[in-house]
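# Residue-level structural notes
Here's the letter readout for the chains.
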Amino acid sequence: MHAKQLYHIFPKASQYDPEWVRKHSMGENVLFNLESLTKSLDLKPGMRVLDLGCGKAISSIFLAEEFDVKVWAVDEAVSASDNYQRIKDEGLEDHVFPIEADARALPFAEEYFDVVIVVDSYTYFGTDEKYLPYIARFIKPGGYIAIVDVCFTHEIDSLDQVPEFLRKDYQNYWYFVHTIDWWKKLWEKTGLVKIDAAQLLEEAELVREHYIKDFKEADEEDPFARAIERDKEHFISFFKLIGRRTKKTVYLQDYKIELKN
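Cut-offs and rules
- Residues numbered from 1 in each chain as written.
- Predicted model: local features only at pLDDT ≥ 70, side-chain atom pairs only at ≥ 80, totals over all residues.
- Heavy atoms only, no water.
- Salt bridge = Lys/Arg side-chain N within 4 Å of Asp/Glu carboxyl O.
- Helix = DSSP H or I, 4+ residues; strand = E, 2+ residues; numbered from the N terminus.
- Buried < 20%, exposed > 50% of the residue type's maximum accessible area, 1.4 Å probe, protein only.
- Phe/Tyr/Trp six-rings, centres within 6.5 Å; stacked < 30°, edge-to-face > 60°.
- Lys NZ or Arg CZ within 6 Å of the ring centre and 35° of its normal.
- Pairing = 2+ DSSP bridges.
- Right-handed = clockwise from strand over helix to strand, strands pointing away.
- Contact = heavy atoms within 4.5 Å.
- Axes fitted to C-alpha atoms, helices over the stretch in contact; angles between N-to-C directions.
- pLDDT = per-residue confidence, 0-100.
- Parallel < 35°, antiparallel > 145°, perpendicular 65-115°, else oblique.
- Left-handed = near helix turned anticlockwise from the far one by under 90°.

### Some remarks on the pattern of salt bridges
All told, the structure shown has 15 salt bridges when counted by the stated rule. Residue E188 pairs with K184 through a salt bridge whose shortest N-O separation is 3.0 Å. Here E188 and its partner K184 are both found in helix α8 (residues 180-188), 4 residues apart, which amounts to about one turn of the helix. Assessed through its relative accessible area of 39%, E188 is described here as partly exposed. The residue D196 makes a salt bridge to K194 at a minimum N-O spacing of 3.8 Å. For D196, a relative accessible area of 41% gives the class partly exposed. Residue class for K194 comes out partly exposed when judged on its relative accessible area of 45%.

Written out as structure tokens, the structure is:
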């Protein structure tokens, strides 16, 4: 795609060095997905944002740079020291705060964040029915949880429904991927959030194209990119899901849930 066309679709993300983004994205272009998500959010300067599963923290850098928010960049697998160096390189050490922590054991006060953002990682822990009640406790009433991730366009309920191109890798890499409707029902039945957006990314085709292109150029093994390249029916796509926290209070201890109005 021509640079001017890319700028029209992703005016913020396209301004960042493509090599820098590719080097620090742990999968598809994280900034493309994040910009698509933020088009549906009203981020204001000074907001406290939790960037959960931030990887190498370029999503956190993007949020601080583009929206002047304060970002807590949390990841369990990437060194907080390495992320801090990347943050300092961009001059954002007063806006982005890196932390190494498990998504299921977060060191924050209840109702601390205006927004929780999760880019390309919620599927790894969020399929647990008890997880939304857990993470919701850190969001202010009226605040938001917003995720962008991979999805299927049709739900797989049994192994005989797995498409041929996915069968080799399904039980290792894809069994926890679901449809938008599956995710929407999972959130709605808790009563903890009101769904503001639940849809495929308008830019999903572009995200796919660039992911495949980067995969081929890198010449590295990536089962997700390989599957997307083989997916001729667009069974795999990308979605955004945004929920606004209700005023219910969440009490959670060892994932045992009690709700009080």
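### Focus: the packing of aromatic side chains
Counting across every chain of the model gives 24 aromatic pairs. Where Y122 meets W187, the ring centres are 5.9 Å apart and the plane angle is 80 degrees; that geometry is what we call edge-to-face. Placement of the pair is Y122 in the loop between β4 (113-119) and α6 (131-136) and W187 in helix α8, with a sequence separation of 65 residues. Each member of the pair, Y122 as well as W187, is classed as buried. Where W182 meets W183, the ring centres are 5.0 Å apart and the plane angle is 85 degrees; that geometry is what we call edge-to-face. Through a chain of ring-to-ring contacts, the aromatic side chains of Y122, F125, Y131, Y134, F138, W182, W183, W187 and F239 assemble into a single cluster. The ring of Y112 is capped by R48, whose NZ or CZ atom sits 4.0 Å from the centre of that ring.

### Observations concerning the pairing of strand β5 (residues 139-152)
Most of β5 is tucked away: 10 of the 14 residues are buried. Of the strand pairs in this sheet, β4 and β5 are connected by 6 bridges, and their pairing is parallel. Directly across from I117, in β5, lies its bridge partner A146. Crossover handedness for the path β4 to α6 to β5: right-handed. The pairing of β5 with strand β7 (residues 236-245) spans 9 bridges and is classified as antiparallel. Looking across to β7, one finds that I147 is bridged to L241.

### Focus: the environment of A57
Among the structural elements, A57 can be located in the loop between β1 (48-52) and α4 (58-67). Here A57 falls in the buried class, since its relative accessible area comes to 0%. What A57 contacts, discounting residues up to four positions off in sequence, is A73 and N83.

### Points about the sheet that holds β7
Pairing in this open sheet of 7 strands is mixed, and the strands run β3-β2-β1-β4-β5-β7-β6 from one edge to the other. This sheet does not close on itself; its edge strands, each paired only once, are β3 (96-100) and β6 (193-200). Averaged over neighbouring strand pairs, the angle between their axes works out to 15 degrees when direction is ignored.

### With respect to the confidence of the model for the protein
In the predicted model, the protein carries a mean pLDDT of 91, and the fraction of residues at 70 or more is 93%. In this model residues 255-261 is a low-confidence stretch, pLDDT under 50, and it forms 21 contacts with partners more than four residues away in sequence or in other chains.

### Topic: the packing of helix α9 (residues 204-218) against helix α10 (residues 223-230)
Contact geometry of α9 with α10 gives a least axis separation of 9 Å together with a crossing angle of 120 degrees. One way to sum up the angle between α9 and α10 is to call them oblique. You can see that α9 and α10 cross each other, and the crossing is left-handed. From α9, R208, Y211, I212, F215 and K216 reach across to α10, where they touch F224, A225, R226, I228 and E229.

### Focus: unusual backbone geometry
Even without glycine at this site, D68 takes up a positive phi of about 55 degrees. As for its placement among the helices and strands, D68 is situated in the loop between α4 and β2 (70-75). Non-glycine residue E111 carries a positive phi angle of around 55 degrees. Here E111 is to be found in the loop between β3 and β4. Of the residues examined, E111 reaches a relative accessible area of 34% and is grouped as partly exposed.

### Some details on the pairing of β1
Note on strand geometry: in a regular strand, side chains alternate between the two faces of the sheet. For β1, the tally of buried residues reaches 4 of 5 residues, placing the bulk of the element in the interior. Where β1 meets β2, 5 bridges bridge the pair, whose relative direction is parallel. From the neighbouring strand, V49 faces β2, where its bridge partner is V71. As paired elements, β1 and β4 share 4 bridges and run parallel to each other. The residue of β4 that forms the bridge with D51 is I117.

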